[in-house]
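# Structural overview for review
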Amino acid sequence: MSSSSCGDHMFILMMILIMFILTMISISMVEGQPQVPCYFIFGDSVVDNGNNNDLITTAKANYFPYGIDFPTGPQNGRFTNGRTKVDFIAELIGFDTFIPPFATARGNEILKGVNYGSGVAGIRDETGYRWGDRISMNRQLLNHKLTILRINSILRNVTAARSLLNKCLYTIDMGNNDYLNNYLEPRFYPSSLLYTPDEFARVLVQQFGTQLRSLHEFGARKVAVSNIGLLGCLPEETRRFRKSPASGCLTVFDSPCCIVSNTTSKGQCVEGQIPCNNRNQYVFFDNFHPTEVANMATARRSYNALLPSDAYPTDISRLIQS
């Protein structure tokens, strides 16, 4: 990806962030009942809210400075300084509490949804293995099957459970690690030797399509799928290939807010180090993950698209009304 294309994209993002920063620093909770009865979240570290905390892996974020701006502090396991994109989406659709992680979700709270996200997880099962354990998309679907069984047990009516699941919102953020922690790491994964870039993309699409069909069979009807991000614009990639996008005067695009590690958990924040004070001016908190203010902007554009390119064929606000 060229630095100019990154710059164009980041300039647009800068304008969005400036608009939100000037009008509000935090989002008010939506009043009234949620617009959907439940919200199920699948994905990687961009949405992980604690599922990796007790796994044997270096891909975890339950330590300072992660969570420095989160109400409960750094032990929450989110790979950012505050709330994630899906936290903001949950607020926008009317939930007054965060969707619980599968690892700790218990009892009737699963009726409002579950977050299955896991750091370094991918569409492919082997993705991210060099960092340790992770919950791949296939494993997340198995966990969702367990949740459905629990919902059936709570409601004591399979038809009622199915009706509930049909009305829920489902979001999926998968695929970034299939490149960052698979295809682009030939020292650890053979995929780049087995497939050309186009062939690998087709393999991913085919496997992801099968997974989405499984989710549909489980009852999902209101599904929003995020595309793979502009990986060449990540600080980790601009550092490696020396193509930093131009920075705006109010927002820093090409540097992380925290001090990052170059060894264990490469690209993640060094534990215990103080991050930047002007976090609302940074797009990235570490070398891979957006800051809270960037997550807020992405969530709002996903929920209520300002441009046709924000969401296709519709945004989340219209999806949940269908």
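Summary of the structure given here. Worth saying up front: this structure is predicted, and the values here are computed from it rather than measured.

## What about empty space enclosed by the protein?
- The final tally for this structure, using the stated rule, is one cavity of 30 Å³ or more.
- Around the largest cavity, the lining residues are Ser45, Val46, Phe79, Thr80, Thr84, His289, Pro290 and Asn295.
- Residues that form the lining of the largest cavity fall into these classes: three nonpolar, five polar and no charged.

## Things to note about the pairing of strand 2 (residues 169–173)
- Burial of strand 2 is extensive: five of the five residues sit out of reach of the surface.
- The side-chain alternation of strand 2 yields two buried faces, one formed by Leu169, Thr171 and Asp173 and the other by Tyr170 and Ile172.
- Bridge count between strand 2 and strand 3 (residues 222–225): four bridges; the pairing is parallel. Each bridged residue has a counterpart across the sheet, and for Leu169 the counterpart in strand 3 is Lys222.

## Section: the packing of helix 3 (residues 137–155) against helix 7 (residues 197–217)
- Helix 7 packs onto helix 3 with a crossing angle of 5 degrees between their chain directions and a minimal axis gap of 11 Å. As summarised for this structure, helix 3 and helix 7 are arranged roughly parallel, according to the angle between their axes. Two secondary-structure elements touch here, helix 3 through Met137, Asn138, Leu141 and His144 and helix 7 through Gln207, Gln211, Ser214 and Leu215.
- Residues that form the contact of helix 3 with helix 7 fall into these classes: three nonpolar, five polar and no charged.

## Digging into the pattern of salt bridges
- According to the stated counting rule, one finds eleven salt bridges in the structure shown.
- Between Asp133 and Arg139 there is a salt bridge; the shortest N-O distance is 2.9 Å.
- We classify Asp133 as partly exposed; its relative accessible area is 27%.
- Under the relative-accessibility criterion, Arg139 is labelled partly exposed at 36%.
- Arg187 serves as the salt-bridge partner of Glu185, at 3.6 Å between the closest nitrogen and oxygen.
- Its relative accessible area of 11% is what places Glu185 among the buried residues.
- Shared partners join several salt bridges into a network, and the residues in it are Arg83, Glu91 and Glu292.

## Examining the side chain of Thr291
- Inspection of the secondary structure puts Thr291 in the loop between strand 5 (282–284) and helix 9 (292–303).
- We classify Thr291 as buried; its relative accessible area is 0%.
- At 2.6 Å, the side chain of Thr291 forms a polar contact with the backbone oxygen of Tyr282.
- Ignoring anything within four residues of it in the chain, the contact list for Thr291 reads Thr80, Asn81, Arg279, Tyr282, Val283, Phe284 and Phe285.

## So, the nonpolar core
- Phe40, Phe42, Tyr170 and Leu215 are the most contacted members of the largest nonpolar core, which totals 36 residues.
- Of all the secondary-structure elements, those providing two or more residues to this core are strand 1 (39–43), helix 3, helix 4 (158–167), strand 2, helix 5 (176–183), helix 7 and strand 5.
- If we skip the residues at most four places from it in the chain, Phe40 touches Ile110, Gly113, Val114, Tyr116, His144, Thr147, Ile151, Leu165, Cys168, Leu169, Tyr170 and Thr171.
- Residues Val86, Phe88, Ala90 and Tyr303 belong to the second largest nonpolar core, which totals 21 residues.

Quick notes on the rules
- Residues numbered from 1 in each chain as written.
- Predicted model: local features only at pLDDT ≥ 70, side-chain atom pairs only at ≥ 80, totals over all residues.
- Heavy atoms only, no water.
- 1 Å grid on protein atoms, 1.4 Å probe; cavity = no way out; pocket = protein on both sides within 12 Å on 5 of 7 lines; lining within 4 Å.
- Points joined across faces, edges and corners; volume = space filled by probe spheres on them.
- Nonpolar A, V, L, I, M, F, W, Y, C, P; charged D, E, K, R; others polar.
- Buried < 20%, exposed > 50% of the residue type's maximum accessible area, 1.4 Å probe, protein only.
- Helix = DSSP H or I, 4+ residues; strand = E, 2+ residues; numbered from the N terminus.
- Pairing = 2+ DSSP bridges.
- Axes fitted to C-alpha atoms, helices over the stretch in contact; angles between N-to-C directions.
- Parallel < 35°, antiparallel > 145°, perpendicular 65-115°, else oblique.
- Contact = heavy atoms within 4.5 Å.
- Salt bridge = Lys/Arg side-chain N within 4 Å of Asp/Glu carboxyl O.
- Polar contact = N/O pair within 3.5 Å; in protein donor to acceptor, adjacent residues only side chain to side chain.
- Core = buried A, V, L, I, M, F, W, Y, C linked by side-chain atoms within 4.5 Å.

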